[in-house]
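# Examination of the molecular architecture
One letter stands for each residue in the lines below.
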Amino acid sequence: MSLAKRRGFVFPSSEIYGGFGSCYDFGPLGVELKNNIKEAWWSEMIKNHNDIVGLDAAILMSPKVWQASGQLTAGFTDELVECKKCHRRFRLDEIQNSQCPDCGGELTKPKKFNLMMKTFVGPVEDEASETYLRAETCQGIYVNFKNVLQTMRLKIPFGIAQIGKAFRNEITPKDFIYRTREFEQMELQWFCEPKSAPKIFDYWKKERLNWYLNLGIKKENLRLKEVPKSELAHYAKKAVDIEYKFPFGWQEIEGIHNRGDWDLSNHSKYSGQDLKYEGSFPYIIETSAGADRSLFAFLCDAYQEVKGGRTETTKSAKEVEVVLKLARSLAPIKVAVLPLVKNEPKLVKKAKAIYETLKPYFMCQYDETGSIGRRYRRQDEVGTIFCLTIDFESLEKDDLTIRYRDSMKQKRIKIKDIKECLEKLLSKTA
Ligand code: GAP
């Protein structure tokens, strides 16, 4: 958390006003990382599959959508208890011995609490103008099922993918960006025949687990957990969670659900439109990942503290050195361009020219302040893949050294070859 704040990944929302309701802002490096995660997901879905198309539906939808989805009624509530002494509220499933976890006070009986965020559309705040911010992105996909089917001339099975914001009035938002009230989801809804649903469910379970592994998450920190029948969401026939081993324990980062015909049949009923395909409702297999939550998992997994520092050639006075071993495709900065010393105009000029040449192609940073060792460590700490150093030899030989983040190995490369070399090296995902 401290690194995320200090180095511009994540800031508390409205920080100058003391923060706001567990919302967070993504800083300059955070937005790059999140964009890279979303891009990795989008290209996996859209480019690596022939039968998946994209969608970007509105966050605000007809309130009838939320009646049909079950989210205004039974489906979308958490059970809440309140401490009679300190009046803090908790989710029932967080209580261990029927006492307040904070002050040990007596708790009230559980009450149902709806998580939908209410808002008003238009100038009059009456019941007729009431609607809700979506709590999951997928409802926008279901109500567009026929639009997409017809305009894209599709046949089932096929999928619709979407990335977007979702909102939940969580009772106990916690653990930094793990559970927040505003977050982003990356969801795929796969429409298929009921009889093929179990096989497709297993296919996506493996695919989704591999996506995290291919992006560098350590195998031992990921697991699949079958959701017991008693804990299934109101729409789900079957569900498996992908869990990541966070420093605070194993927690869900993605849910894979067999939603049966719950959504299309309910939207048919409430809208009066026929959402059947060739006379019956398709089943839906859903993969639902959190962009913020997976960003948190990628950060945790990549974060390494090395006691005494990594340098073996010189004596390091450092107690701890931090390296962020993010996958190549995810790292916010790919290349740092560093003149060996700042007060040598020829070096600075050459380094700046290289930075300007590479900037349109790679996410680059130019840095000339501090010793070269310190600058390497600053880049390691945010996961920069390569540092390019321009030294006195560069002036004579028109070359530079490229330093690899993980091995710290350095090689000399001709400046004319650097773009092609970086393209090759950065084409590897992990
Ligand atoms: N459409 C299905 C659905 O929304 P979910 O299990 O409620 O299923 C899917 O949510 C994913 O969305 C979770 O695995 C998590 O990554 C993310 N998510 C849900 N609530 C969240 C919250 N309050 N803060 C951050 N991410 C959240």
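Note: the structure precedes this text.
These numbers come from a predicted model, not from an experiment. (Residues numbered from 1 in each chain as written. Predicted model: local features only at pLDDT ≥ 70, side-chain atom pairs only at ≥ 80, totals over all residues. Heavy atoms only, no water.)

What follows deals with the site of the ligand. Near the ligand lie 22 residues; those nearest to it are Glu136, Thr180, Glu187, Glu252 and Glu286. One of the side-chain N or O atoms of Glu136 is found 2.6 Å from a nitrogen atom in the ligand. Here a nitrogen atom of the ligand and a side-chain polar atom of Glu170 are 2.8 Å apart. If the ligand stood free it would expose 560 Å²; the protein chains cover 93% of that surface. Broken down by secondary-structure element, the contributors of at least two residues to the shell around the ligand are strand E10 (182–192), strand E13 (249–260) and strand E14 (283–290). The greatest single-element share of the shell around the ligand, amounting to six residues, is contributed by E13. (Near = heavy atom within 4 Å. Polar contact = N/O pair within 3.5 Å; in protein donor to acceptor, adjacent residues only side chain to side chain. Areas by Shrake-Rupley, 256 points an atom, 1.4 Å probe, with all protein chains shown as cover. Helix = DSSP H or I, 4+ residues; strand = E, 2+ residues; numbered from the N terminus.)

The next thing to look at is unusual backbone geometry. In this model, Ile156 is joined to Pro157 through a cis peptide bond whose omega is 5°. With respect to the secondary-structure elements, Pro157 resides in the loop between helix H5 (145–151) and strand E9 (158–167). Even without a glycine there, the phi angle at Ser14 is positive, about 50°. Even without a glycine there, the phi angle at Arg153 is positive, about 50°. Of note, Arg153 is situated in the loop between H5 and E9. The class for Arg153 is exposed, based on a relative accessible area of 76%. (Buried < 20%, exposed > 50% of the residue type's maximum accessible area, 1.4 Å probe, protein only.)

Our focus in this paragraph is the pairing of strand E20 (residues 399–404). Looking along a regular strand, one sees side chains alternate from face to face of the sheet. The buried fraction of E20 amounts to six of the six residues, a majority that puts the element mostly inside the structure. Residues Asp399, Thr401 and Arg403 point to one face of E20 and Leu400, Ile402 and Tyr404 to the other, with burial holding for every one of them. In terms of strand pairing, strand E19 (residues 386–390) meets E20 through four bridges, oriented antiparallel. Bridge pairing in E20 links Leu388 to Ile402. One ladder, built from five bridges, connects E20 with strand E21 (residues 410–414); its direction is antiparallel. Bridge pairing in E21 places Ile402 opposite Lys411. Turn length for the E20-E21 hairpin, with the two strands adjacent in sequence and antiparallel, is five residues, and the turn residue Met408 shows positive phi of about 60°. (Pairing = 2+ DSSP bridges.)

A few words now on the packing of aromatic side chains. For the structure on display, the rule yields 20 aromatic pairs. Ring centres of Tyr178 and Phe246 lie 5.5 Å apart, and the angle between their planes is 75°; this geometry places the pair in the edge-to-face category. Separated by 68 residues along the polypeptide, Tyr178 in the loop between E9 and E10 and Phe246 in strand E12 (residues 238–246) bring together distant segments of the chain. We classify Phe246 as buried; its relative accessible area is 3%. Ring centres of Trp211 and Tyr212 lie 5.0 Å apart, and the angle between their planes is 85°; on these two criteria the pair is classed as edge-to-face. Each member of the pair, Trp211 as well as Tyr212, is classed as buried. Among the aromatic side chains, those forming a connected cluster through ring pairs are Tyr24, Phe176, Tyr178, Tyr244, Phe246, Phe248 and Phe296. Note that Arg259 overlies the ring of Tyr235, its terminal NZ or CZ placed 3.6 Å from the centroid. Over the ring of Tyr178 we find Arg293, and its NZ or CZ is 3.7 Å from the ring centre. (Phe/Tyr/Trp six-rings, centres within 6.5 Å; stacked < 30°, edge-to-face > 60°. Lys NZ or Arg CZ within 6 Å of the ring centre and 35° of its normal.)

Moving on: the sheet that holds E10. With mixed pairing, seven strands are arranged side by side in an open sheet as E3-E9-E10-E14-E13-E12-E11. Both edges of this open sheet fall to strand E3 (52–55) and strand E11 (222–226), since each of them pairs with a single strand only. The mean inter-strand angle of the sheet, taken between neighbouring strand axes irrespective of direction, is 25°. As judged from the ten bridges shared by E9 and E10, these two strands associate in the antiparallel manner. Within E10, the position partnered with Gln162 by the bridge is Glu187. (Axes fitted to C-alpha atoms, helices over the stretch in contact; angles between N-to-C directions.)

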